[in-house]
Protein chains: 2
Amino acid sequence: MSEQEKQTKEQLILTAAEQEFLTKGYDGARTTSIAKAAGVTHAMLHYYFRTKEQLFERIVDDKFRLMAQSILAAFGNPNQSIVERIRGGIGLHFDYIADNPQLPRFVINEIIARPERYDILYSRMRGIVDSIYANLQRDIDLAAERGEMVQIDARMLFISIMSLNIFTFVAYPFMEPIMGELMADRNAFLQARRAENINTIMCRIKAK
Amino acid sequence: MSEQEKQTKEQLILTAAEQEFLTKGYDGARTTSIAKAAGVTHAMLHYYFRTKEQLFERIVDDKFRLMAQSILAAFGNPNQSIVERIRGGIGLHFDYIADNPQLPRFVINEIIARPERYDILYSRMRGIVDSIYANLQRDIDLAAERGEMVQIDARMLFISIMSLNIFTFVAYPFMEPIMGELMADRNAFLQARRAENINTIMCRIKAK
DNA sequence: CTTTGCATTAACAAAATTGTTAAACACGAT
DNA sequence: ATCGTGTTTAACAATTTTGTTAATGCAAAG
């Protein structure tokens, strides 16, 4: 059972740490608070992860991978028409973030707090983004020539999509108290927002 | 000159503190680091502001006011047509944030870190937002009836505009390294982004 | 049953960070 | 000149937070 127990305790700490780091960031997080939330002594936390730094890196690695995946999964899609691929991609991306609403804010804050640290990560992402971009841009150009949509820079379109989808969640706690009934029912609001984001982008790219 | 000197030192500390708090947040900021950046001993900082907390509040108050203003100023506008008012508002809002690019992230993080604290602030903002909203929604409804634009919920439109404008700056450090030449020239990119945001919203509200 | 190896605890140590104080200082007003 | 007021400094105190250690437990393998 020692193997089982260890798994559980380590897992408990990781889960508590994830929650703490995602909401409070590295600086705001306290190892004692994490240990308490996990129901272990704080010496236990250091026993498994040595330092706060190392514990944090475990979380960060996971989360960055997740963030990159969410972007890829949404647009590295099969062989529908480009317009449908974009429409579907927006929805997928939105849903992905809805499942991890704290993720974007965490990633952005981390990168701003310690940019140096993520150089390796960038080279990986850069390659992925470049290939998606080239692919998407080519399809957009072709579709534009056929009059199926307007000509547009794929990266600009991409940024617009990310803006609309991500901001909804990043700013939710800020907007919720000042938007009244519109946001009273979270699920209803998110559903409406999802549709609105798709609609907004579709209007933008639809052939005139 | 004692009066002059005091102003300057206090001001030096405030300026350094603003920079530190905006980039690192309350938890990441160090009073010693602020004092050093301001070129004063850290005892000096405590002499003028007593605690880190109080120094922080001075900054936060300013910044929240600024944030609220930016939203108001952009859309509480004169008597052009509603479509033109929206078009102009997007640009104004974008420019305002371009002048204070760290502001939105700071405000959002602060509110998430300590929601309780901003209850009073909310009641003030709530009133302002409500009146702008009612006003805008009425004009939109009228314009929609006249066929000048599509029918749309003003708050949804509002969120879309904020998303597009704010995200550009919040995520800049994250996107810059993975977007290649598109973002190489910051000014050129921002100008393009400003136009794109206006274009995107105009497409969304233009009468079909 | 004892050895071995990891798990656990409590108490402690070290470092970093915030906050204080007492003494020196500058300088204008009386 | 000196008194008073607010400024400045250096040294120190307090607290918080991270990290360590030595002793103990516990369970499986020999």
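From a predicted model like this one, the values you see are computed outputs, not experimental measurements.

Description of the overall build of chain A
Summing up its helical and strand segments, chain A has ten helices and zero strands in all. Order of helices (α) and strands (β) in chain A, N terminus to C terminus: α-α-α-α-α-α-α-α-α-α. Counting only C-alpha atoms, chain A reaches 65 × 45 × 35 Å along its principal axes. Evaluated residue by residue, chain A yields a buried proportion of 51% over its 208 residues. Sequence-distant contacts, at least 24 apart, represent 66% of the contacts inside chain A between residues at least 6 apart. Carbon and sulfur atoms form 52% of the exposed surface of chain A, whose accessible area is close to 9800 Å².

Points about the pattern of salt bridges
Residues and elements named next belong to chain A. Under the definition given, this model contains 30 salt bridges over all chains. Notably, a salt bridge pairs Lys 24 with Glu 20, separated by 3.5 Å at the nearest N-O pair. Of this pair, Lys 24 and Glu 20 both sit in helix α1 (residues 2-28), separated by four residues, roughly a single helical turn. Classification of Lys 24 as partly exposed rests on a relative accessible area of 44%. The class for Glu 20 is buried, based on a relative accessible area of 8%.

Concerning the packing of aromatic side chains
The full count for this structure, using the stated rule, is 19 aromatic pairs over all chains. Judged by centre distance (5.5 Å) and plane angle (65°), the rings of Phe 75 of chain B and Phe 158 of chain B are edge-to-face. Residue Phe 75 of chain B is located in helix α4 (residues 52-75), and its partner Phe 158 of chain B is located in helix α8 (residues 154-170); the two are separated by 83 residues in the primary sequence. Here the aromatic residues Phe 21, Tyr 26, Phe 56 and Phe 106 of chain A are joined through ring pairs into a cluster of three or more. Looking at Lys 52 of chain A, its charged tip hangs above the ring of Tyr 26 of chain A, at a distance of 4.4 Å from the centre.

Some words on the packing of helix α4 (residues 52-75) of chain A against helix α5 (residues 82-99) of chain A
Residues and elements named next belong to chain A. Contact pair α4 / α5: the axes reach a minimum separation of 7 Å and the direction vectors enclose 155°. The angle between α4 and α5 falls in the class roughly antiparallel. The crossing of α4 and α5 is right-handed. Residues Leu 66, Gln 69, Ser 70, Ile 71, Ala 73, Ala 74 and Phe 75 of α4 touch α5, and the partners they reach there are Arg 85, Ile 86, Gly 89, Ile 90, Leu 92, His 93 and Tyr 96. The class makeup of the residues in the contact of α4 with α5 is nine nonpolar, four polar and one charged.

As for the domain arrangement of chain A
In many analyses, interface size is given as the accessible surface area lost on bringing the parts together. Residues and elements named next belong to chain A. According to the domain assignment, chain A consists of domain 1 (1-50) and domain 2 (57-205). For domain 1 and domain 2, the distance between their C-alpha centres works out to 31 Å. Contact with domain 1, which involves eleven residues of that partner, is made by eight residues of domain 2. When the buried area of domain 1 at its contact with domain 2 is split by residue, Leu 14, Leu 22 and Tyr 26 rank highest and sum to 54% of it. Linking domain 1 with domain 2 are two salt bridges, by the criterion used here. Linking Glu 10 and Arg 58 is a salt bridge whose minimum nitrogen-to-oxygen distance equals 3.8 Å.

What to know about the interface of chain A and chain B
The interface of chain A with chain B comprises 46 residues on the first partner and 47 residues on the second. For the pair chain A and chain B, the summed buried surface comes to about 4700 Å²; carbon and sulfur atoms form 71% of the total. On inspection of chain A and its partner chain B, the count reaches four salt bridges. At the surface where chain A touches chain B, the tally comes to 13 residue pairs in polar contact (both at pLDDT 80 or more). Put simply, the parts of the chain that give the side of chain A that touches chain B at least two residues each are α1, α6 (103-113), α7 (119-145), α8 (154-170), α9 (172-175) and α10 (186-205) of chain A.

Notes on the relation of the copies chain A and chain B
By a simple turn and slide, chain A fits onto chain B: the slide is 0.0 Å along the axis, the RMSD is 0.1 Å, and the turn is 180°. The symmetry that links the two subunits is that of a two-fold axis.

Analysis parameters
Residues numbered from 1 in each chain as written. Chains lettered and ligands numbered in written order. Predicted model: local features only at pLDDT ≥ 70, side-chain atom pairs only at ≥ 80, totals over all residues. Heavy atoms only, no water. Helix = DSSP H or I, 4+ residues; strand = E, 2+ residues; numbered from the N terminus. Buried < 20%, exposed > 50% of the residue type's maximum accessible area, 1.4 Å probe, protein only. Contact = heavy atoms within 4.5 Å. Areas by Shrake-Rupley, 256 points an atom, 1.4 Å probe, with all protein chains shown as cover. Salt bridge = Lys/Arg side-chain N within 4 Å of Asp/Glu carboxyl O. Phe/Tyr/Trp six-rings, centres within 6.5 Å; stacked < 30°, edge-to-face > 60°. Lys NZ or Arg CZ within 6 Å of the ring centre and 35° of its normal. Axes fitted to C-alpha atoms, helices over the stretch in contact; angles between N-to-C directions. Parallel < 35°, antiparallel > 145°, perpendicular 65-115°, else oblique. Left-handed = near helix turned anticlockwise from the far one by under 90°. Nonpolar A, V, L, I, M, F, W, Y, C, P; charged D, E, K, R; others polar. Domains from an automatic or database assignment. Buried area = accessible area lost by both parts, 1.4 Å probe. Polar contact = N/O pair within 3.5 Å; in protein donor to acceptor, adjacent residues only side chain to side chain. Least-squares fit on C-alpha atoms with pLDDT ≥ 70 in both.

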